[in-house]
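Here's the letter readout for the chains.
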Amino acid sequence: MATVAAGPAVHHRPWYRHLYVQVLCAIAIGVLVGYLAPKAGEQLKPLGDAFVSLIKMLIAPIIFCTVVHGIAHMADMARVGRVAVKAIVYFEIMTTIALIIGLIAVNLLKPGVGMNIDPASINASAIEPYVKQTGAIGFVPFLMNIVPATFIGAFAEGNILQVLFISVLCGFALVQLGERGAPLVHLIDVAAKMVFAVVGFVMWAAPIGAFGAI
């Protein structure tokens, strides 16, 4: 009589070890701390700010490594061009959708209404650069803003569209170099794996960041 070999045992992690459960618990604890001890809650704000800064720090390297590595593995230049155009168009469409959602949410939920805040006490210098920028935005200035002043400047300023533009150009260059660019493509592949490993480390701090932000 034939016997059926048992498959490998599947080990399920306890529910409390899932990251999303820890984040939800941290949010609940943050709400309690903010309600019971508001002053202490304000002092925990740097935890949330630090987590957001860590995420922002990784966005540009992730985009650069993934886009360059993806384009460099395409032998067809026409296909590379189509992918590049699609990437930029996708970025613009999703940005527009995000802005529309934000405008709808602001007009429906009206955040800040009912809060006893003296407008004279608000530090307007923090939003002054954005106010000036909105007055100068147009089709031509928008296209000119895609091109960074320096290669490193796009990464230093965290301008995602400029980083995407540089990534596409570097991908085109590596495709044209062919075998000569293979060592650099391999290096970028290793760098991408390193960056994603860092993302994994940072995401385990998500509960702390959510707790501090809430």
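Fair warning: this is a prediction, and the values are worked out from it, not measured in the lab.

Regarding its fold elements, the chain presents 10 helices and 0 strands. Listing the helices and strands of the chain from first to last along the sequence gives α-α-α-α-α-α-α-α-α-α. With 214 residues in all, the chain has 21% of them scored as buried.

Evaluated as defined, the whole model comprises 2 salt bridges. Residue Lys 45 pairs with Asp 49 through a salt bridge whose shortest N-O separation is 2.8 Å. Of the two residues, Lys 45 and Asp 49 are both situated in helix α3 (residues 45-72); the distance of 4 residues between them amounts to about one turn of the helix. What makes Lys 45 partly exposed here is its relative accessible area of 46%. A salt bridge links Lys 193 to Asp 189; its shortest N-O distance comes to 3.9 Å. With Lys 193 and Asp 189 both in helix α9 (residues 182-203) and 4 residues apart, the pair spans about one turn of that helix.

This part is about a nonpolar patch on the surface. On the surface, Val 85, Val 89, Tyr 90, Ile 93, Met 94, Ile 97 and Ile 101 cluster together into a nonpolar patch covering about 660 Å² of accessible area. Tracing the backbone shows Tyr 90 in helix α4 (residues 77-109). Residue classification places Tyr 90 among the exposed positions, given a relative accessible area of 55%.

Looking at the chain as a whole, the pLDDT averages 82, with 79% of positions reaching at least 70. When pLDDT is averaged over each element of the chain, α9 comes out on top at 92 and helix α5 (residues 128-136) at the bottom at 62.

Among the nonpolar cores identified, the biggest contains 21 residues, and Phe 64, Val 67, Val 68, Val 163 and Leu 174 are the most heavily contacted of them. Of all the elements in the fold, those that place two or more residues in this core are α3, α8 (160-177) and α9. Ignoring anything within four residues of it in the chain, the contact list for Val 67 reads Leu 164, Ser 167 and Val 168. Grouped together as the second largest cluster of nonpolar side chains are 6 residues, Phe 51, Leu 58, Val 199 and Ala 206 included.

Before going further, it helps to examine α3. Over its 28 residues, α3 runs 42 Å from end to end, which matches the ideal 40 Å to within 8%, given 1.5 Å per residue. The sharpest bend along α3 measures roughly 25° and falls at Ile 59, with the proline Pro 61 sitting one to four residues further on. Residues of α3 that are buried include every one of Gly 48, Phe 51, Leu 58, Ala 60, Ile 63, Phe 64, Cys 65, Val 67, Val 68, Ile 71 and Ala 72, and no others.

Here we come to the environment of Ala 72. Mapped onto the fold, Ala 72 is located in helix α3. Judged by its relative accessible area of 18%, Ala 72 is buried. Along the sequence, Ala 72 and Leu 184 sit 112 residues apart, while their C-alpha atoms lie 9.9 Å from each other. Not counting chain neighbours up to four residues away, the residues in contact with Ala 72 comprise Gly 171, Leu 174, Val 175 and Val 185.

Once that is clear, we can look at the packing of α3 against α9. Two numbers describe how α3 lies on α9: the axes approach to 9 Å, and their chain directions differ by 150°. Between α3 and α9, the angle is such that the two are roughly antiparallel. The element α3 and its partner α9 pack so that their crossing is left-handed. Residues Phe 51, Leu 54, Ile 55, Leu 58, Pro 61, Ile 62, Cys 65, Thr 66, Val 68, His 69 and Ala 72 of α3 form the contact with α9, whose own contacting residues are Val 185, Ile 188, Asp 189, Ala 191, Ala 192, Val 195, Phe 196, Val 198, Val 199, Val 202 and Met 203. Here the residues of the contact of α3 with α9 are counted per class, giving 19 nonpolar, 2 polar and 1 charged.

This paragraph deals with the packing of aromatic side chains. Evaluated as defined, the whole model comprises 2 aromatic pairs. Joined through ring pairs, the aromatic side chains of Phe 64, Phe 151 and Phe 155 make up one cluster.

For α8, with 18 residues, the first-to-last C-alpha span of 26 Å sits near the 26 Å given by 1.5 Å per residue. Within the span of α8, buried status applies to Leu 161, Gln 162, Val 163, Leu 164, Ile 166, Ser 167, Val 168, Cys 170, Gly 171, Leu 174 and Val 175. Capping of α8 at its N-terminal end is provided by Asn 159; its side-chain oxygen lies 3.3 Å from the backbone amide nitrogen of Leu 161. Looking at the residues trailing α8, positive phi occurs at Gly 178, about 65°.

Thresholds applied
Position numbers for residues start from 1 in each chain and track the written sequence from start to end. In keeping with the predicted nature of the model, local features appear solely for residues at pLDDT of at least 70, side-chain atom pairs appear and are counted solely at 80 or more, and the whole-chain, interface and lining totals rest on all residues. Calculation of side-chain values draws on the structure's entire complement of heavy atoms; hydrogens and water are dropped beforehand. Put simply, DSSP H or I for four residues or longer makes a helix, DSSP E for two residues or longer makes a strand, and each gets a number counted from the N terminus. Here's how the labels work: a residue is buried when its accessible area is under 20% of the maximum for its type, exposed when over 50%, partly exposed in between, all with a 1.4 Å probe on protein chains only. Here, a salt bridge means any Lys or Arg side-chain nitrogen found within 4 Å of an Asp or Glu carboxyl oxygen. Residues form patches when they are more than 30% accessible in relative terms and have no salt bridge. Like charges link within 9 Å. Nonpolar side chains (Val, Leu, Ile, Met, Phe, Trp, Tyr) link within 5 Å. For accessible areas, the Shrake-Rupley method is used with a probe of radius 1.4 Å. Any residue's cover is judged against the shown protein chains and nothing else. For every residue, the predictor states its confidence as a pLDDT score lying anywhere from 0 to 100. Within this scheme, the nonpolar core is defined by two criteria: the residues are buried Ala, Val, Leu, Ile, Met, Phe, Trp, Tyr or Cys, and they are joined through side-chain atoms within 4.5 Å. We call two residues contacting when some pair of their heavy atoms lies within 4.5 Å. One less than the number of residues in a helix, times 1.5 Å, gives the span that helix is expected to have. Take the seven residues that end at a residue and the seven that start at it, fit an axis to each, and the angle between those axes is the bend at that residue. Between N-to-C directions, angles cover 0 to 180 degrees, with each direction set by a line fitted to C-alpha atoms, over the stretch in contact for helices. Note that the term roughly parallel is reserved for angles under 35 degrees, roughly antiparallel for angles over 145, roughly perpendicular for angles of 65 to 115, and oblique for everything else. Helix crossings fall into two classes, left-handed where the near helix is turned counterclockwise from the far one by less than a right angle and right-handed where it is turned clockwise. Residue polarity is assigned by list, with Asp, Glu, Lys and Arg as charged and Ala, Val, Leu, Ile, Met, Phe, Trp, Tyr, Cys and Pro as nonpolar; anything else, Gly included, falls into the polar class. Between rings of Phe, Tyr and Trp, where Trp is taken as its six-membered ring, a pair exists when centres lie within 6.5 Å; planes separated by under 30 degrees are stacked, by over 60 edge-to-face, and by other angles tilted. Two N or O atoms count as a polar contact when they lie within 3.5 Å, although within protein this holds only if one can serve as hydrogen donor and the other as acceptor, and sequence-adjacent residues are included solely when both atoms are side-chain atoms.

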